[in-house]
Structure formats: C-alpha cells, structure tokens
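# Structural characterization, general
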Amino acid sequence: MTRLVAGNWKMNGSLAANRDLLDGLVSVPGVEMAVCVPYPYLAQARQRPDGIVLGAQDVSEYAAGAYTGEVSAAMLLEFGCRYVIVGHSERRALFGEGDVMVGRKALAALHAGLVPIVCVGETLAERDEARVMEVIDRQLGAVREVLGAAAMSGVVLAYEPVWAIGSGRSASVAQIAEVHGAIRAWLDGHGVSAGAVRILYGGSVKPDNALELFDVPHVDGGLIGGASLAAADFMAICRAAAGGV
Ligand code: PEP
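Quick caveat, the model's predicted, so the values are computed rather than measured.

## As for the sheet that holds strand β7 (residues 199-202)
- Pairing is parallel around the closed barrel formed by 8 strands, whose spatial order is β1-β2-β3-β4-β5-β6-β7-β8. Each strand axis lies, on average, 25 degrees off the axis of its neighbour in the sheet, ignoring direction.
- Two strands pair when backbone bridges link them, and strand β1 (residues 3-8) and strand β2 (residues 31-36) are joined in this way by 6 bridges, in the parallel orientation. When the sheet's bridge partners are listed, L4 is paired in β2 with E32.
- Relative to strand β5 (residues 115-120), helix α7 (residues 132-147) is tilted by about 155 degrees, and along the sheet it contacts β5 and β6 (156-159).

Right, dumping it as structure tokens:
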C-alpha cells in the first residue's frame, strides 16, 4: 500500500513561515504527503504544491450548532482537508480527551468524508509496567466500539509512544516491529479488514533514522512533528518513505 507521511505542525507557524515551508515541498513519487496545519492556516495552505494533501490536527465530535470554539468535520472538508488527526497524545493529556471522545471524533470525520488519523500509544510508565498492549487494546477498542469494525477499516492508525514524541528518542526498530505487528493482529482479531488500514509510526522521526524506521514490517508511513517544520527535513523523510530514492 502507498505509504503516507503526514506532517503535524502542531501550534507552530505564521503566514510568512508557512509560505516558505510550503514552497519548499515537492511531491515524492510513490508516497502520499500530507501537512496537518493549524485551523487558521487551512485557507493559506490550500495554495500548496501539487500532490501534497491537506489535513487538520483535531475536529469536533459534533456536526454543527452551539459548540463555541469547535470546528466541524464538514468545515475541514470545505477547506480541502483529506485527513484529520484525532486522539493525539497532547490532546489526550493536556485537553482531557478520553478514548470514547476520540472514537466520536473519528466517527464525525468519517461521516463527513474525511480520513481520521487515530493516534494510540503508551506513556513511559505504562511501558515500564509492561502494559503497552493493554493500553493500545483499550484505545483501539473504544474506537471500534464507536465506529464498528467495518467503518474502522477506513481509518489510518498512528502508533505514537508518548515518550518518543518530541523527545529526540524514537522507539527502537524492535519495539516498533512488535507493536505494529500486534496492532495488525489486533485488527485481524477484531474483524477489521487489517490489510486496508495503514499504520503510521510517530515519535522523533528524523532524516537520519527515517530509512531504518520505514523498513520495519507493518510501518506504512509516519506522523512527523518537529521535523515537518523544516522543508528539507520533511522532504528527506518523505524520500526515505519512498525507499530512499
Ligand atoms: C507528533 O507530534 O505527532 C510527533 C510525532 O512529534 P515529533 O516527530 O516531534 O516527535
């Protein structure tokens, strides 16, 4: 399946910096490249190089109405989004998003015709307690509960160990292989058409480790934070996803 490399700009950028960043991107054959930008910059990012797709970093679970501050999936679609990240660990930890809310956001995205990128992953304490798959089972189970198995085959998953995000310390090849294999088996075992679901890895992916991380079985792309803010780094990671060409 075609690899997806999605940049998560987080709460960074300015009109001037975004223009430079977007102008530095060129589509890489064989890889789907996406930039997930802050809401106010969606309009600006519609003017982007051919072959780069657009995404957002969050979405409301509600369709429309009296929900001050929220942004609906239909609005994201209207601004040209294809993807939306849901359940990023920063939203779970800092903004109190629970597993069920993440499922509802994924459902709202799918209803509107967007593809949710659903993030799952354990904290360092949970890894130290050997609870990695217990946590991921709970996170995935809640999404399946809300979406149903058939619809869940329409999402993209991102395995993002919380301790690897923004830390400069990516998970090891062995750790990623183990968890991605387990997620694929989980999907199979829960009636989700596993072959259709891309599983991205996210957590301190950089140009110098991208090639070996993309080589891990069941890694179907990457969710890239810090390194997506420098066009040269993001391009190098996308080229690595294409097999280093
Ligand atoms: C992220 O924010 O999803 C992420 C993976 O960040 P970083 O690449 O900076 O670790």
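Moving on from the model shown.
## A look at the environment of G7
- For G7, the location among the structural elements is in strand β1.
- Considered as a pair, G7 and L114 are 107 residues apart in the sequence and their alpha carbons are 17 Å apart.

## Overview of the packing of aromatic side chains
- In this structure the tally under the stated criterion is 2 aromatic pairs.
- One residue, R91, lies across the ring of F95, its end atom 4.3 Å from the ring centre.

## Thoughts on the layout of surface pockets
- There is about 410 Å³ of room inside the largest pocket.
- In terms of lining, the largest pocket is formed by 16 residues, of which the most central are K10, M11, Q57, D58 and R91.
- Per-element accounting of the lining of the largest pocket gives the leading share, 3 residues, to helix α4 (residues 89-94).

## Comments concerning the site of the ligand
- Taken together, 14 residues lie around the ligand, and K10, E160, G166, S204 and G226 are the ones closest in.
- S204 places a polar main-chain atom, nitrogen or oxygen, 2.8 Å from an oxygen atom of the ligand.
- G225 places a main-chain nitrogen or oxygen 2.8 Å from an oxygen atom of the ligand.
- Protein contacts shield 97% of the accessible area of the ligand, which totals 290 Å² for the unbound molecule.
- Looking at the shell around the ligand residue by residue, the class counts come to 4 nonpolar, 8 polar and 2 charged.

## Here we look at the pattern of salt bridges
- Per the counting criterion, the structure on display carries 15 salt bridges.
- Here R131 and E134 are joined by a salt bridge, their closest N and O atoms 3.2 Å apart.
- Through salt bridges that share partners, D58, R91, E97 and K105 make up one connected network.

## Regarding the pairing of β6
- With burial as the criterion, each face of β6 is covered, one bearing V156 and A158 and the other bearing L157 and Y159.
- Inspection of the sheet shows β5 paired to β6 by 4 bridges, in the parallel sense. Bridged to I117 within β6 is V156.
- Examined bridge by bridge, β6 and β7 share 3 bridges and lie parallel to one another. What sits directly across from A158, in β7, is L200.
- Between the parallel pair β6 and β7, the chain is carried across by helix α9 (residues 173-189), and the sense of this crossover is right-handed.

Definitions and limits used
Residues numbered from 1 in each chain as written. Predicted model: local features only at pLDDT ≥ 70, side-chain atom pairs only at ≥ 80, totals over all residues. Heavy atoms only, no water. Pairing = 2+ DSSP bridges. Helix = DSSP H or I, 4+ residues; strand = E, 2+ residues; numbered from the N terminus. Axes fitted to C-alpha atoms, helices over the stretch in contact; angles between N-to-C directions. Contact = heavy atoms within 4.5 Å. Phe/Tyr/Trp six-rings, centres within 6.5 Å; stacked < 30°, edge-to-face > 60°. Lys NZ or Arg CZ within 6 Å of the ring centre and 35° of its normal. 1 Å grid on protein atoms, 1.4 Å probe; cavity = no way out; pocket = protein on both sides within 12 Å on 5 of 7 lines; lining within 4 Å. Points joined across faces, edges and corners; volume = space filled by probe spheres on them. Near = heavy atom within 4 Å. Polar contact = N/O pair within 3.5 Å; in protein donor to acceptor, adjacent residues only side chain to side chain. Areas by Shrake-Rupley, 256 points an atom, 1.4 Å probe, with all protein chains shown as cover. Nonpolar A, V, L, I, M, F, W, Y, C, P; charged D, E, K, R; others polar. Salt bridge = Lys/Arg side-chain N within 4 Å of Asp/Glu carboxyl O. Buried < 20%, exposed > 50% of the residue type's maximum accessible area, 1.4 Å probe, protein only. Right-handed = clockwise from strand over helix to strand, strands pointing away.

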